[in-house]
Amino acid sequence: MSEKIDGMERRDGFVNQRLVVVPQPLVEAALVAPVTRRLLVTDAGSFPAAEGHRRERPEGSAEAIVIVCTAGEGWVETAGQRHRVGPGTAVLLAPGTPHAYGTSDRPWTIWWCHVRGTDLADLAEVAGVDALHPVISLRGVDRVVASMDEIVTALERDQSPARLLAVSGMAWRLLTQLAVDRRLPEQGEPLERAMNYLAERIDGQITVPELAALVGISPSHLSALFRHATGGGVTAHHTALRMARARSLLDTTEQPIAEVGRAVGYADQFYFSRQFRQAHGVSPTTYRAQRKG
């Protein structure tokens, strides 16, 4: 079997590889159709233990390229810098980004897809990737691989307009998951430990300096990490956790408002009610009376 991609030919593919390419006329039609013009998977596959795998695109690609490594090791080179790609990491290359990538002495196993569409720039921006930072550490590699497998399986079935539409939704889930994994901390990092501490102590009281000392970084650094990950500070995140728990208690129990407030760390019922109204626009009593579901 002969495989040729971007002018680089390999006489034989990889054992048990999967590879599907959407014909160009179907791509062109989908790129002017509702929804698929926003996000369209044009190629996808998986290469197990891909010894000798290497791609060079000095002018970049018309598509964004997503690579997920599940075993072995490889590298990606962008903006004159080479980055290691190991198990549990993903690569996201924006369209038009000159790049090269390949496997190392321990041949990597990868899932990959090429994506086009008008929403790609927004998705890349929210993922925080660029030519200097193309690699993402994955918190849930199994979820990402499941999305990749779903995409490949669907395209292997057929490339009808309906199927391409379905795959667009799968690609949205994949790319937003990459964005989430890029923003959330890795296990054991100070931010992750701080978030876990707050989540486990909804009704507790702790200052930013105390929490920072607990996880071993400065208060300013901790605050910056929270702003990047959540869009707000430490106190705002803790308040959001408390309000989420308060909503759950209001929706699922008949506890008095004062008890709900105490359960989420507010000894003063009136202060709790003011905080709840500020977050939700209504009082706890009014919120509880609203029909839901």
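Here's a quick rundown of the structure. Quick caveat, the model's predicted, so the values are computed rather than measured.

1. A word on the sheet that holds strand S5 (residues 54–57)
Read from one edge of the open sheet, four strands run S5-S10-S7-S8, paired in antiparallel fashion. Whereas interior strands pair on both sides, the edge strands pair on one side only; in this sheet they are S5 and strand S8 (81–85). Here the average twist between neighbouring strands, direction ignored, is 15°. Where strand S7 (residues 74–78) lies against strand S10 (residues 99–103), five bridges are found, and the strand directions are antiparallel. For Thr78, the partnering residue across the bridge sits in S10 and is His99.

2. A few points about the nonpolar core
Judged by nonpolar contacts, the single largest core of 38 residues is most densely connected at Val41, Val66 and Leu155. Only helix H1 (24–30), strand S4 (40–47), strand S6 (64–71), strand S9 (89–93), strand S11 (109–116), helix H2 (120–127), helix H3 (141–157) and helix H4 (161–183) provide two or more residues apiece to this core. Of the residues forming this core, the biggest block, eight residues, is contributed by H4. Setting aside its immediate chain neighbours within four residues, Leu155 contacts Val20, Val22, Val41, Ala44, Leu164 and Val167. Counting 14 residues, the second-largest nonpolar core is a separate cluster that includes Ala50, Cys69, Trp108 and Trp112.

3. Let's talk about the sheet that holds strand S3 (residues 18–21)
Ordered in space as S3-S4-S11-S6-S9-S12, the six strands form an open sheet in which the pairing is antiparallel. This sheet does not close on itself; its edge strands, each paired only once, are S3 and strand S12 (135–137). Recorded for the sheet is a direction-independent mean angle of 15° between the axes of neighbouring strands. Here seven bridges tie S4 to S11, and the two strands are oriented antiparallel to one another. If you follow Ser46 over to S11, its bridge partner there is Trp111. On the sheet, H3 packs against S3, S4, S6 and S11 and is oriented at approximately 55° with respect to S3.

4. As for the pattern of salt bridges
Applying the stated rule across the entire model yields 10 salt bridges. The partner of Arg18 in a salt bridge is Asp149, and the shortest N-O contact between them spans 2.7 Å. Of this pair, Arg18 sits in strand S3 while Asp149 sits in helix H3; the two residues are 131 residues apart in sequence, bridging distant segments of the chain. Judged by relative accessible area, which is 30%, Asp149 ranks as partly exposed. A salt bridge links Arg201 to Glu200; its shortest N-O distance comes to 3.5 Å. Judged by relative accessible area, Arg201 falls into the partly exposed class, the value being 34%.

5. A closer look at the packing of aromatic side chains
Under the definition given, this model contains seven aromatic pairs. For the pair Phe14 and Phe47, a centre-to-centre distance of 4.9 Å together with 50° between the ring planes defines the contact as tilted. In this pair, Phe14 sits in the loop between strand S2 (8–10) and S3 while Phe47 sits in strand S4, placing the two residues 33 residues apart along the sequence. On the basis of relative accessible area, Phe47 is assigned to the buried category, the value being 2%. Ring geometry for Tyr266 versus Tyr271: centroids 5.7 Å apart, planes at 55°, classification tilted. The ring of Trp75 has Arg82 lying over it, and the distance from NZ or CZ to the ring centre is 3.7 Å. When the ring centre of Tyr266 is taken as reference, the NZ or CZ atom of Arg242 above it lies at 5.0 Å.

6. Quick look at the pairing of S9
Counting buried residues in S9 gives five out of five residues, a clear majority hidden from the surface. What you see with S9 is no split at all: Thr89, Val91 and Leu93 on one side and Ala90 and Leu92 on the other are buried throughout. The pairing of S6 with S9 spans five bridges and is antiparallel. By the bridge assignment, Cys69 is partnered in S9 with Thr89.

Rules used throughout
Residues numbered from 1 in each chain as written. Predicted model: local features only at pLDDT ≥ 70, side-chain atom pairs only at ≥ 80, totals over all residues. Heavy atoms only, no water. Pairing = 2+ DSSP bridges. Helix = DSSP H or I, 4+ residues; strand = E, 2+ residues; numbered from the N terminus. Axes fitted to C-alpha atoms, helices over the stretch in contact; angles between N-to-C directions. Core = buried A, V, L, I, M, F, W, Y, C linked by side-chain atoms within 4.5 Å. Buried < 20%, exposed > 50% of the residue type's maximum accessible area, 1.4 Å probe, protein only. Contact = heavy atoms within 4.5 Å. Salt bridge = Lys/Arg side-chain N within 4 Å of Asp/Glu carboxyl O. Phe/Tyr/Trp six-rings, centres within 6.5 Å; stacked < 30°, edge-to-face > 60°. Lys NZ or Arg CZ within 6 Å of the ring centre and 35° of its normal.

Purely geometric stuff here, so don't read any function into it on its own.
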